[in-house]
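Examination of the molecular architecture
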Amino acid sequence: MNLDASFLDKIDDYLSGKLPPDEAMALEQKSAVDPETAEAIEFMRLEREGMELILEERLREKMGGWEEELPTPKTNLSRYGWVLGAAFALLIGVAVWRWAASDPQTISAPDPAKTPANTVPAPGQPDAPIAQQPDNQIPTQAPPGQKPSSKENRYLALAQASYQSPDFSNIRKGGADASGSPSLIEQAAAFYIQKKFALAAQTLDSIPPNQRTDALKIRAHAFFNLKNYNLAAVEFEDLTKTGGRYRNDAEWHLLLCYLALLPAEQARFDTLLRKIRDPQQSHPFADKATALQKVLAAGR
Amino acid sequence: MEPWTDAEIITGIQGTPAERDMALRRVFLDVKLRSTVRGLVRDEQRSKDVFQEAVIKFDRAIRTGAFESRSNWRTYFVGIVKWHLVDEARKKGNQTQELKPEVLDGATEHPEIVLIEGERRKLLKTAIARLPGECPELLEMYMLDYSMKEIAEQAVISEANAKQQAKRCRDRLREFISNSPELLHVLNLKTAKS
């Protein structure tokens, strides 16, 4: 078989469609009568197929990496999640009603005007450990009228009082839907603004990859408002790693989640509080974190 | 983030390695497209596999100019998926009914041909796996029609060196194929040494 370089180049050009039509026709005519030429073409075709396979394999590898960016597929559980959610909400409702009926000292809604951020911290308070102190005093910044019945309630109340819901009315609209109907982000933001937090979170069950940060942000705050601090913490934690400009904000809200989950999340709370307060970090929420620490220390 | 236009997807795939990756990533992560494919393939895992195969075919169609912009790229992509599903069903049918009239008429592939195709790919993969480390990347760029200058820039080597290395890699691949009697047998070829 004649496989000299120029002949190979010619066949290569033929197989990649670069050979001029007259030369291609001549080559085809030759291969029709010359078995060696036909075989050489088949051989080169195989070689090109091998190289095409390399391309495929490398693309598959890349897709394997991109797969991680895909939204989590809907499971049967999440598809019928609203049924479970409704049943769960009903159960919670009954439990709260029964509890409220038996204990007149229920927790009232927090007063946003008295958040720790609005208080002046006392100087010279210790850094750590936090939230390990005995619970014999109600923090001075706790919402008025609140009489927590347990240590957990106190942390929870403080987390709620320190929390400020973001304004999602100006969220980026996104462009995933070319049909003109509102994007998932828009729909979720609308539900959130209407305080339909469960619907907001449910709408973003599949996160649009092109607006991941906004989607995570809405979901995280929706979970926080639903008082599902564990799920909110998961979303905020994700945002602390991938949230770009929103990272600092996410760290602060993650801290509030940990606060609501105290004492179980004590170690994480202390670590994150230290990080936010670290002067070297120049964290925009450092003052708020310091104020929060003072409140907790005062509650010892 | 606005969706990419047809022109952006096509020029991206045909562009530099970074542009190509960006465009293919866009295609791969396209929510709307995934949802459409998910509607065609009921099983979640199979839907993922079919989508991946379609991306590979779509990439090849863009590179080779098979996509002629008669429809938008998403419609074309869904067409690839549908053909893939038809092809799969056809091959599956062949495994159980190999003597159907359409097989005898040559309208569909005989199961033996399907097997040969699979065997050939398997043997080729073995040959590729034996190539020296830098070869897959170089041969990939060669297949993507990058100039030697572009290949040299990507591989951070001189142009002359890139040319030499690309040639050596092709020679090695050719050598593996030539020395693979099973592969040559599958194609009914004789030894192909020059």
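Going along each chain's sequence as written, the residues are numbered from 1 onward. Chain letters and ligand numbers both follow the written order, the letters beginning at A and the numbers at 1. For a predicted model such as this one, the threshold for reporting local features is a pLDDT of at least 70, and the threshold for listing and counting side-chain atom pairs is 80 or more; totals across whole chains, interfaces and linings nevertheless cover every residue.

Regarding the overall build of chain A
Working definition: helices are DSSP H or I runs of at least four residues, strands are E runs of at least two. Numbering for both runs from the N terminus. When helices and strands are tallied, chain A shows 13 helices and 0 strands. Counting helices and strands in the order they occur from the N terminus, chain A gives α-α-α-α-α-α-α-α-α-α-α-α-α. Sequence separation of at least 24 residues holds for 59% of the intrachain contacts in chain A that already meet a minimum separation of 6. Working definition of a contact: two residues with C-beta atoms, positioned from the backbone, lying within 7 Å.

Here we look at the overall build of chain B
Each helix and strand counted, chain B has 11 helices and 0 strands in total. For chain B, the N- to C-terminal ordering of α and β elements is α-α-α-α-α-α-α-α-α-α-α.

A look at the packing of helix α3 (residues 31–40) of chain B against helix α4 (residues 44–64) of chain B
Residue and element names in this part refer to chain B. Axes here refer to lines fitted to C-alpha atoms; in helices the fit is confined to the stretch in contact. Angles between the N-to-C directions go from 0 to 180 degrees. Their axes nearest at 9 Å, the elements α3 and α4 cross at an angle of 120 degrees. As judged from the angle between their axes, α3 and α4 are oblique. Of the two possible hands of crossing, α3 and α4 adopt the one that is right-handed. Counting all contacts with α3, which are made through Arg 34, Val 37 and Arg 38, the residues of α4 involved are Ser 47, Val 50 and Phe 51. Polar here means any residue outside two lists: the nonpolar Ala, Val, Leu, Ile, Met, Phe, Trp, Tyr, Cys and Pro, and the charged Asp, Glu, Lys and Arg; Gly therefore counts as polar. Its residues assigned to classes, the contact of α3 with α4 comprises 3 nonpolar, 1 polar and 2 charged. Under this scheme an angle from 65 to 115 degrees is roughly perpendicular, one under 35 degrees roughly parallel, and one over 145 degrees roughly antiparallel; angles in between are oblique. Crossing handedness is read from the near helix: turned anticlockwise from the far helix by less than a right angle, it gives a left-handed crossing, and turned clockwise, a right-handed one.

Here's the deal with the nonpolar core
All names here are of chain A. Note on definitions: a nonpolar core is a set of buried residues drawn from Ala, Val, Leu, Ile, Met, Phe, Trp, Tyr and Cys, linked by C-beta atoms within 7 Å. Exposure classification rests on a simple neighbour count of other C-beta atoms within 10 Å of a residue's own: a residue reaching 20 or more is buried, one at 12 or fewer is exposed, and one in between is partly exposed. C-beta atoms are placed from the backbone. Core analysis: the biggest nonpolar cluster contains 51 residues, and Leu 255, Cys 257, Tyr 258 and Leu 259 have the highest contact counts within it. Elements represented by at least two residues in this core include exactly α6 (151–162), α7 (184–193), α8 (197–203), α9 (212–225), α10 (229–242), α11 (247–260), α12 (266–277) and α13 (286–298). Among the elements that take part in this core, α11 stands out by supplying 9 residues, more than any other. Not counting the four nearest positions on each side in its chain, Leu 255 is found in contact with Phe 269, Leu 272, Leu 273, Ile 276 and Ala 289.

Some remarks on the packing of helix α3 (residues 35–66) of chain A against α4 of chain B
Viewed as axis vectors pointing N to C, α3 of chain A and α4 of chain B meet at an angle of 130 degrees, and their least axial separation amounts to 10 Å. Judged on the interaxial angle alone, α4 of chain B and α3 of chain A are oblique. As for the relative orientation of α3 of chain A and α4 of chain B, their crossing is right-handed in sense. Across the interface between the two elements, Glu 56, Leu 59, Arg 60 and Met 63 of chain A of α3 of chain A pack against Gln 52, Val 55, Ile 56 and Asp 59 of chain B of α4 of chain B. Looking at the contact of α3 of chain A with α4 of chain B residue by residue, the class counts come to 4 nonpolar, 1 polar and 3 charged.

So, the confidence of the model for chain A
All names here are of chain A. Scored by pLDDT, chain A comes out at a mean of 75, with 72% of its residues at no less than 70. How sure the predictor is of each residue is captured by pLDDT, a score from 0 to 100. When mean pLDDT is compared element by element in chain A, α11 scores highest at 91, while helix α4 (residues 76–79) scores lowest at 55. Per-residue pLDDT stays below 50 along residues 104–148; that stretch engages in 86 contacts with residues further than four places along the chain or on separate chains.

With respect to the confidence of the model for chain B
All names here are of chain B. Predicted confidence across chain B gives a mean pLDDT of 78, with 80% of residues reaching 70 or more. Here helix α6 (residues 101–104) stands out as the element of chain B with the lowest mean pLDDT, 45, in contrast to α4, whose mean of 90 is the highest. Predicted complex, confidence summary: ipTM 0.78, pTM 0.48.

Side note on α3 of chain A
One fewer than the residue count of a helix, multiplied by 1.5 Å, yields its expected span. Here α3 of chain A contains 32 residues, and its C-alpha end-to-end distance of 46 Å stays within 8% of the 46 Å for a straight helix at 1.5 Å per residue. Of the positions making up α3 of chain A, those classed as buried are Ala 40, Phe 43, Met 44, Leu 46, Glu 47, Gly 50, Met 51, Ile 54, Leu 55 and Leu 59 of chain A.

Focus: α6 of chain A
All names here are of chain A. The terminal C-alpha atoms of α6 lie 17 Å apart, and with 12 residues this matches the ideal 16 Å at 1.5 Å per residue to within 8%. Burial analysis of α6 places 9 of its 12 residues in the buried class, the great majority of the element. In this structure, the buried side of α6 is in contact with α11 and α13.

A short note on unusual backbone geometry
All names here are of chain A. Each neighbour pair has its own omega, and for Leu 262 with Pro 263 the value is 5 degrees, a cis peptide bond. We note that Lys 195 has phi near 65 degrees; this positive angle belongs to a residue other than glycine. Along the chain, the position of Lys 195 falls in the loop between α7 and α8. Judged by the 11 C-beta atoms lying within 10 Å of it, Lys 195 falls in the exposed class.

Some details on the environment of Thr 16 of chain B
Residue and element names in this part refer to chain B. Note on placement: Thr 16 falls in the loop between α1 (6–13) and α2 (17–28). Thr 16 sits in the partly exposed class, given 14 other C-beta atoms within 10 Å. When the C-alpha positions of Thr 16 and Tyr 146 are compared, they lie 8.3 Å apart, and in sequence the two are 130 residues distant.

Concerning the environment of Val 234 of chain A
Relative to the assigned elements, Val 234 of chain A resides in helix α10. Residues Val 234 of chain A and Phe 223 of chain A, spaced 11 residues apart in sequence, show a C-alpha to C-alpha distance of 9.9 Å.

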